[in-house]
Amino acid sequence: MHTDSMLFHAFVYLAAAVVSVPIAKRLGMGSVLGYLLAGVVIGPHVLGLVGQRSGDVMHFAEFGVVMMLFLVGLELQPSVLWRMRGHLFGLGGLQVAGTALAVMAIGLIAGLGSRMPLAIGLILAMSSTAFALQSLQERGKLATPGGSASFAVLLFQDLSVIPVLALLPFLAQTAVAAPSETQAAQPGWLHALLVIGAVCAVVAAGRYLLNPVFRLIAKTELRELFTAAALLLVVGVSLLMQLVGLSAALGAFVAGVVLANSEYRHELEADIEPFKGLLLGLFFISVGAAIDFGLFRSQPGLIAGLVVALVVVKFAVLLLLGRLFRLPAPDAVLFSFSLAQGGEFAFVLLSFAVNHQVLPTSVADPLVAVVALSMALTPLLFLVNERWVQPRFARVRGEQRPQDEVHSEDNPVIIAGFGRFGHVVGRLLRANHVGSTVLDLDAQHVDVMRRLGMKVFYGDATRLELLHAAGAAKAKIFVIAIDNEEKAVELAELVQKHFPHLKIYARAAGRVHAYEFQSRGVMSFYRETLGSSLDLGADVLTALGMPAHQSHRAALAFKRHDEASLRELAKLWEDDGAYFTKLRQDIEAFESMLETDAARTYGDSDRGWDPIPAGDESRG
Amino acid sequence: MQSQRVLVLFAHPAVQKSRVNRRLFAAAQSVPGVTTLDLYQEYPDFQIDVRSEQARLLEHDVIVFQHPFYWYSSPALLKEWQDLVLEYGFAYGRNGTRLRGKALLNAITTGGSEEAYARTGHNYFTMRELLTPFEQTARLCGMVYLPPFVVHGAIRMTHTAEVERAADDYARVLAGLRDGRVTTETAGSFDRLNADLTALGL
């Protein structure tokens, strides 16, 4: 077999992931470490299954980082981002400057001059968005003060890559190179204008263009087309940002924030999520495969020393800043551990520095290995933090936990289907200040409801990813109110299987549909027309002269009997229901219903209101 | 005395079972200048519209609770009506003075005879004693509590003539209330208003 074929590579990468990640998870190491180890195993130094190509793969897989930032943006309302501005610029700016200066100081003491150490410091100040965010997310720490501070700093680092790229050529050993050839053709103000224009274009498109476009696509009811559109959006934004020299990840993040209020948010999330996961996994594997163990073997002491030094210096700066910005001690430590590694941008910046004679390859090559190893250390640092550091805080503070700052709405109720039936449920809950997350597949519907100020999201509720995105893991109650009978039952099964904690309340079309729910253990089902039929019937009785309270009670009594008999008949249906065609079931159900109606006796519940038999005067 | 605006609030959960109450209510409806309301017909599901009930009270001077005597009290909906409509701040308590000066009375049918409502009878207490919760409700609201209109032994009224007499009495008492002839001054000392109509000049 040709070992260079694309299929073979795909097989190797996927197999590595599928084998190693569950093992790593089982050992409590987290998925990131699993991917990394898989990369090391298939890399040139162990099995040698992937060699020269892993660099290309890494480049391709970096797109996973872009997607991750898009998803993070989707989760972040602009108002939340605005609240982060202090951390973003204050904490982020001081982190980059502080780390660079600390490295420079060490260089000065070691007698290396100031230029090269400053350049190295700027490059090493970057942390790994992929490793840090993935590890934080996996542990549900992204919404904690420590997590959101980490995120703010990562965002600032993304922003600062552009000025660092502009600054590096001035730090060249021999001041020859012109500042950045790529942008030499444009004057600075034009470039700035282009950047601002591009960001404005993304914001404007997100505001005014995307919703109508997605609506059109949704109307085709082709699921893959929506996925394609979602991918197109992310790829397009990245491309635009690269054209104007911004980081693609940053552009995707902006696009995500702009779309955070869109009704298609959950659907977009559900569509991009699997791609992000796969690509990030691929990225981690390729980092693992790219670790240059040759260099490590020849100079183990130097490399190990540098890795430790890098992590210690970054950790110290981060911890100092974390405390300076009044993060609680456990959060400051989490913040420091999560950002103490080198980042993806370091690879880019190192090769850029070599090209511009800022650093000799003899310095840059070991640094690439150091950054890669420090990244690999991140999951281990998280483990150390979790196992040995955080428990100490917990013991000191007595299990005190910081309040989660939750970005997504944590509604206790999810309503699937927001047509005639579901929207009444939603309105009743809303009128009583109970928040519900609503999923509907009718794009036009969603649009109208949103214009009326309701939180309605477009999407097919029978998709597991969408349920996750809608917060099914945190909700308490799941209301099934969709039209399609088969899908409703399918949805009930899906929810039961994956979110057994959710209590299901289901809309049933009729008796047989109700049987289907009961046979699956969904006992809270409601026949959609029963309530209004009984209301009408009661009003007819009243119009014919029955006292209104009597008709009311008659309808309620009828309902109680009918519900009881329905549940009895459902048991019979379960026994041999499978043998009947649906039509026959309907007829049988109707027949047995009429029979039980005839046999029913009403009015034995209000004898208390009867006159006492004449001659017996007990009781007033 | 100028004419009083009379409101009859009727509560019977199964009016089809009570000939006497049906007849009495019809009599009330026939008296000009008397407002009548069948609570169970108005609120079959017990969802009382408190604001409109309060507004209705403000438009009247004499309030009559017409109901059968169930377990020495009113049927559930009339109790619900009292609980919800006689609100704090409206009927009693701080600034709760809106009903002050109005009159309240019960128009009751009982199964038992008049003699049963005495120390020697099986109900032991007198009607006035048993009605003290209503009387105290009126007092707290600053209202005048009038003696009740009571039809005893309603279930034994097999003769239409008896029922008609009760209905006629009821209509005359309501008219008397409307015309200001039935007041604490004229009737305050009576056990029940329909004990001796001639004494009231009706």
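A brief look at the structure comes next. On a predicted model such as this, the values are computed, not experimentally measured, just so you know.

**A look at the overall build of chain A**
- Looking only at helices and strands, chain A has 26 helices and six strands in total.
- Put simply, chain A has 620 residues, and 42% of those count as buried.
- Restricting the contact set of chain A to residue pairs at least 6 apart, pairs at least 24 apart contribute 72%.

**A few points about the overall build of chain B**
- Scanning chain B from terminus to terminus reveals eight helices and six strands.
- Overall, chain B shows an N-to-C arrangement of helices and strands of β-α-β-α-α-β-α-β-α-α-β-β-α-α.
- By the burial criterion, 41% of the 202 residues in chain B qualify as buried.

**Structural notes on the interface of chain A and chain B**
- Taken together, the contact between chain A and chain B spans 16 residues of the former and 22 residues of the latter.
- Grouping the constituent residues of the side of chain A that touches chain B by class yields six nonpolar, six polar and four charged.

**Details of the nonpolar core**
Residues and elements named next belong to chain A.
- In terms of nonpolar packing, the biggest core is built from 171 residues, with Phe70, Ala119, Ala252 and Ile480 touching the most fellow members.
- With 13 residues, the single largest contributor to this core is helix H18 (residues 361-397).
- Non-local contacts of Ile480, meaning those with residues more than four positions away in its chain, are made with Ala416, Gly417, Ala488, Leu491, Ala492, Ile504, Ala506 and Arg507.

**Observations regarding the pairing of strand S1 (residues 413-416) of chain A**
Residue and element names in this part refer to chain A.
- By the alternation rule, side chains of S1 split into Val413 and Ile415 and Ile414 and Ala416, which are all buried.
- One ladder, built from four bridges, connects S1 with strand S4 (residues 477-480); its direction is parallel. Its bridge partner being in S4, Val413 is matched across the sheet by Ile477.

**Digging into unusual backbone geometry**
- With phi around 60°, His433(A) is a residue other than glycine that occupies positive phi space.
- Note that His433(A) resides in the loop between helix H19 (420-431) and strand S2 (436-440).
- Unlike most non-glycine residues, Tyr124(B) shows phi in positive territory, near 65°.
- For Tyr124(B), the position within the fold is in the loop between strand S4 (103-109) and helix H5 (127-130).

**Considering helix H15 (residues 300-324) of chain A**
All names here are of chain A.
- Between the first and last C-alpha of H15 there are 36 Å, a value that for 25 residues agrees with the 36 Å anticipated at 1.5 Å per step.
- For H15, the full list of buried residues reads Ile303, Val307, Leu310, Val311, Val313, Lys314, Val317, Leu318, Leu321 and Gly322.
- Just beyond H15, the residue with positive phi is Arg326, at close to 60°.

**A look at the pairing of strand S3 (residues 62-68) of chain B**
All names here are of chain B.
- Taking burial as the measure, the seven residues of S3 include seven buried ones, the bulk of the element.
- Burial along S3 is two-sided: Val62, Val64, Gln66 and Pro68 and Ile63, Phe65 and His67, pointing in opposite directions, are all buried.
- Bridge analysis of S3 against S4 gives seven bridges, and the strand direction is parallel. Residue pairing across strands places Ile63 opposite Leu104, the latter belonging to S4.
- Assessed by its sense of winding, the connection that carries the chain from S3 through helix H4 (residues 76-85) to S4 is right-handed.

**Considerations on the packing of helix H2 (residues 31-42) of chain A against helix H13 (residues 265-290) of chain A**
Residue and element names in this part refer to chain A.
- With their axes 6 Å apart at the nearest point, H2 and H13 run at an angle of 45° to one another. It follows from the interaxial angle that H2 and H13 lie oblique. Considering how the two elements wind past one another, H2 and H13 form a crossing that is right-handed. Note on element contacts: H13 touches H2 through Gly281, Phe284, Ile285, Ser286, Val287, Gly288 and Ala289, opposite Val32, Tyr35, Leu36, Leu37, Ala38, Gly39, Val40 and Ile42.
- The residue makeup of the contact of H2 with H13, split by class, is 11 nonpolar, four polar and no charged.

**Here's the deal with the sheet that holds strand S6 (residues 525-527) of chain A**
All names here are of chain A.
- A sheet is described by the order of its strands in space; here six strands give the open sequence S3-S2-S1-S4-S5-S6, paired in parallel fashion. The sheet is open, and its two edges are formed by strand S3 (456-458) and S6, each paired on a single side. Strand-to-strand twist of the sheet, defined as the mean angle between neighbouring strand axes without regard to direction, takes the value 20°.
- Relative to S6, strand S5 (residues 503-508) runs parallel, the two being bridged by three bridges. Bridging from a neighbouring strand, Arg507 pairs with Tyr526 of S6.
- Along the sheet, H19 makes contact with S1, S2, S4 and S5, crossing S1 at roughly 160°.

**Observations regarding the environment of Val203(A)**
All names here are of chain A.
- Residue placement: Val203 occurs in helix H10 (residues 188-219).
- With 15 C-beta atoms counted inside 10 Å, the residue Val203 sits in the partly exposed group.
- Sequence separation between Val203 and Gly256 is 53 residues; the distance between their C-alpha atoms is 9.7 Å.

**Remarks on the packing of helix H4 (residues 63-75) of chain A against H13(A)**
All names here are of chain A.
- Interaxial distance between H4 and H13 falls to 8 Å at its minimum, and their mutual angle equals 150°. The angle between the axes of H4 and H13 places the two elements in the roughly antiparallel class. You can see that H4 and H13 cross each other, and the crossing is left-handed. When H4 is examined against H13, the residues Phe63, Gly64, Val65, Met67, Met68, Phe70, Leu71 and Leu74 are found in contact with a partner set consisting of Arg265, Leu268, Glu269, Ile272, Glu273, Phe275, Lys276, Leu279, Leu280, Leu282 and Phe283.
- The residue inventory of the contact of H4 with H13, partitioned by class, reads 14 nonpolar, one polar and four charged.

**With respect to H13(A)**
Residues and elements named next belong to chain A.
- If you check H13, its first and last C-alpha atoms are 36 Å apart, about what 26 residues at 1.5 Å a residue would give, namely 38 Å.
- At Ile272, H13 is bent by approximately 30°, the largest bend along its length, and proline Pro274 sits one to four residues beyond.
- Summarising burial for H13: 21 of the 26 residues are buried, a large majority.

What counts and how
Residues numbered from 1 in each chain as written. Chains lettered and ligands numbered in written order. Predicted model: local features only at pLDDT ≥ 70, side-chain atom pairs only at ≥ 80, totals over all residues. Helix = DSSP H or I, 4+ residues; strand = E, 2+ residues; numbered from the N terminus. Buried ≥ 20, exposed ≤ 12 C-beta atoms within 10 Å, placed from the backbone. Contact = placed C-beta atoms within 7 Å. Nonpolar A, V, L, I, M, F, W, Y, C, P; charged D, E, K, R; others polar. Core = buried A, V, L, I, M, F, W, Y, C linked by C-beta atoms within 7 Å. Pairing = 2+ DSSP bridges. Expected span 1.5 Å × (residues − 1). Right-handed = clockwise from strand over helix to strand, strands pointing away. Axes fitted to C-alpha atoms, helices over the stretch in contact; angles between N-to-C directions. Parallel < 35°, antiparallel > 145°, perpendicular 65-115°, else oblique. Left-handed = near helix turned anticlockwise from the far one by under 90°. Bend = angle between axes of the 7 residues up to and from the residue.

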